[in-house]
Every structure is written in structure tokens, then in C-alpha cells.
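# Structural overview
Residue-level listing of the chains:
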Amino acid sequence: IPGVAEVLVTGWDCPPVDAAVLDAMPHLRAVLHAAGSVKQHLTHEFWDRGLLVSSAADANAVPVAEYTVSAILLAGKGVFGLRERYRADRAFVPADVVNGVGNFGLRVGVVGASRIGRRVINLLRAFDVEVFLTDPHVDEAAASDLGATLVDLDKLMATCDVVSLHAPDIPDTHRMIDRDRLSLMRDGGVIINTARGALVDSGALTRELVEGRLSAVLDVTDPEPLPADSPLFDLPNVFLTPHIAGSQGNELARMGESTAAELERLVHGRPLRHAIRRSDLEWQA
């Protein structure tokens, strides 16, 4: 009942919580978002009223990190390109032709120590790879504690075999992976994007991919979806998925459980574990 509701549970594609909604819910205490980012539906009127808000972004980070690590390992093994060769030739590729692939000593660059970026780094501890991190909010000691070597973005692009994007879509990150930075990557390098398509200059990336110098695993693009005539659909060095790295199917239950646990904390007067502050929006997705 809107007039007496104290807690609002929201999810993906919810309408904005604007002044009209808030006026209809004078007793509202908190919004518990059973999804990731709250930027799209919590208006400034909501934040002006100082209400509590929680997000299930940590729960949603789990499958994205799993997808990403899987993509890193498959890319390092050369799986995507070799699959296309096997499909075309209908014959095994001789072992001596596959030199240059493999995950032993693979140099992985993580752009952004976000929830997902940190999970990716942690999961990569189990493998014989070297992890580099770039993030303006992390110092060398913190990066080392995470299990990564801190470098600037240009050095990361030039150093790593695989670059995985985990930065938020904010003005400072818009098209941060531009033509010049893509040109720093070694021939045969792989870029993985499970964050936001706007982090990359799509035209510059497309040119690199069409030329075959780089490969990519793209769960997000700009625009999204891609136009039907995009060359990326048909390139053998591009692996496209339709924005499915986040929670799907039974993974949605994890976000539901997280939100239910937040409600229990709220009812019992305990602090929210996954509270979001207005100031967080400046650097979070």
C-alpha cells in the first residue's frame, strides 16, 4: 500500500523513484535494490530526503567475475581463434603452430578495482598468471594486497596480453580505451569488456578487430545492441554475448537472498551491509 509503505524493493527496469513517488510514500524509510546500479532510477529528490538505500551489486558481481575469468583463460589458451580454424579446416591444428598461446605466465590487465575487478583479481590467484591493475583510487600497497601490480593505464595496455575492463561508466572513463591506447596493445592482444560499452571508442576498436590485429570478448557494446550490419557479428576474432555476464536464471536467487538479508537487518535495527551513499555515485557504476 503506497501510503504506508516503509520499504521499497526495486529491480532492473524499475521506474524512477521521483518526487511524485516519494510524495505517495510519506513513510518510506529505505529502498532495497535487488539488482546492481541504482543510478538509473533514484532521482535527486530521493537523495535529497536522506533515505537509506542498499544494492545487490555485490551479489551480481559474482557471475560477472566468473564469466570474466572464464573468458580470460579461454582467450589465453587461444580458444576463440583456434575454434574458428578448426571449424574452417575440419582438421586439428598441429601443436607447433599453436606457439604463443597458453596461460602460464599470462599477463592480465584489470582496469578498475571495482567490486567485479577485485573479484576477478582474487579468482586469478588460483592460476599461474601475472596480474596488473590500474585504478586512480588504489595505491601500490593496496594493489599488492589484492594480488596485483599497480601501473598506469598506458603501461597496462602496452604490457598485458589480455586487458579486462571493470571501470564505471562516468565522465572520466568515457572512451578511455581510445585509438591511441588500443594501438599500445601487442599484436594478438585480447580486450574483454563486461563493464560498459562506453568505456571504449567503438570505432577504433572495430577497426583494430576488422584488421585482425586484436581480438575481443564483448558482453557489452556501444551502441547496445549493435546494429544488425555490424562487422563484429561475423569476425572470427570477436566473441560476442548479449549482456549476459550478470545474474541470469538461478543466479537471480543470490540477489534475492542478499536483498532479503538486508531487509532483515533493517527490521532488526542493524546497519545495512550493502548501503549506497550519494557520494558513491561519483565513482560507482
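Here the structure is a predicted model, which means the values were calculated and not measured.

Once that is clear, we can look at the overall build of the protein chain. Looking only at helices and strands, the protein chain has 10 helices and 10 strands in total. Taking 2.2 N^0.38 as the reference for a compact globule, 285 residues should give roughly 19 Å; the C-alpha atoms of the protein chain span a radius of gyration of 21 Å, in line with that estimate. In terms of overall dimensions, the protein chain has a C-alpha envelope of 70 × 45 × 35 Å along the principal axes. Burial status across the protein chain gives 46% buried among its 285 residues. When the accessible area of the protein chain is evaluated, it comes to approximately 14,800 Å², of which 54% is carbon and sulfur surface. Measuring between centres, the 27 positive side-chain charges of the protein chain sit 3 Å from its 39 negative side-chain charges.

Before going further, it helps to spend a moment on empty space enclosed by the protein. Across all of its chains, the model carries 1 cavity of 30 Å³ or more by this definition. Lining the largest cavity we find Leu32, His33, Ser54, Ser55, Ala56, Ser258, Thr259 and Glu262. The set of elements that each furnish at least two residues to the lining of the largest cavity consists of strand 2 (30–33), strand 3 (52–55) and helix 10 (252–267). Among the elements that line the lining of the largest cavity, the one with the most residues is helix 10, at 3 residues. Residues belonging to the lining of the largest cavity are distributed by class as follows: 2 nonpolar, 5 polar and 1 charged.

This part is about the packing of aromatic side chains. Tallied over the full model, the rule gives 3 aromatic pairs. Ring geometry for phenylalanine 46 and tryptophan 47: centres 5.4 Å apart, planes at 90 degrees, overall edge-to-face. With relative accessibility at 0%, the residue phenylalanine 46 sits in the buried group. Take tryptophan 47: its relative accessible area is 11%, and that puts it in the buried class. Taking 4.7 Å as the distance between ring centres and 35 degrees as the angle between the ring planes, the aromatic pair formed by phenylalanine 80 and phenylalanine 239 counts as tilted.

Thresholds applied
- Here the residue numbers are simple positions, counted from 1 along each chain's written sequence.
- Totals for whole chains, interfaces and linings use every residue, but because this is a predicted model, local features are given only for residues with pLDDT of at least 70 and side-chain atom pairs only at 80 or more, for both listing and counting.
- Calculation of side-chain values draws on the structure's entire complement of heavy atoms; hydrogens and water are dropped beforehand.
- Helix and strand definitions here come from DSSP, where helices need a minimum of 4 consecutive H or I residues and strands a minimum of 2 consecutive E residues; each element is numbered from the N-terminal end.
- The globule rule is 2.2 Å times the number of residues to the power 0.38, and the radius of gyration it is compared with is taken over C-alpha atoms.
- Each residue gets one of three labels from its accessible area relative to the maximum for its type: buried under 20%, exposed over 50%, partly exposed in between, using a 1.4 Å probe on protein chains only.
- The method behind every accessible area is Shrake-Rupley, applied with a 1.4 Å probe, and residues are considered shielded solely by the protein chains displayed.
- The charge count treats Lys and Arg as positive and Asp and Glu as negative. His and the chain ends do not count.
- One atom stands in for each charge, and that atom is NZ of Lys, CZ of Arg, CG of Asp or CD of Glu.
- With a 1 Å grid spanning the protein atoms alone, the term cavity applies to any set of points in which a 1.4 Å probe fits but cannot get out, the term pocket to an open set with protein on both sides within 12 Å along at least five of seven lines, and the term lining residue to any residue with an atom within 4 Å of a point.
- Grid points are joined across faces, edges and corners, and a volume is the space filled by probe spheres set on the points.
- In this count, Pro and Cys sit with the nonpolar residues alongside Ala, Val, Leu, Ile, Met, Phe, Trp and Tyr, while Asp, Glu, Lys and Arg are called charged and the others, Gly among them, polar.
- Centres within 6.5 Å make a pair out of two Phe, Tyr or Trp rings, where for Trp the six-membered ring is used; the pair is then stacked when the planes are under 30 degrees apart, edge-to-face when over 60, and tilted otherwise.

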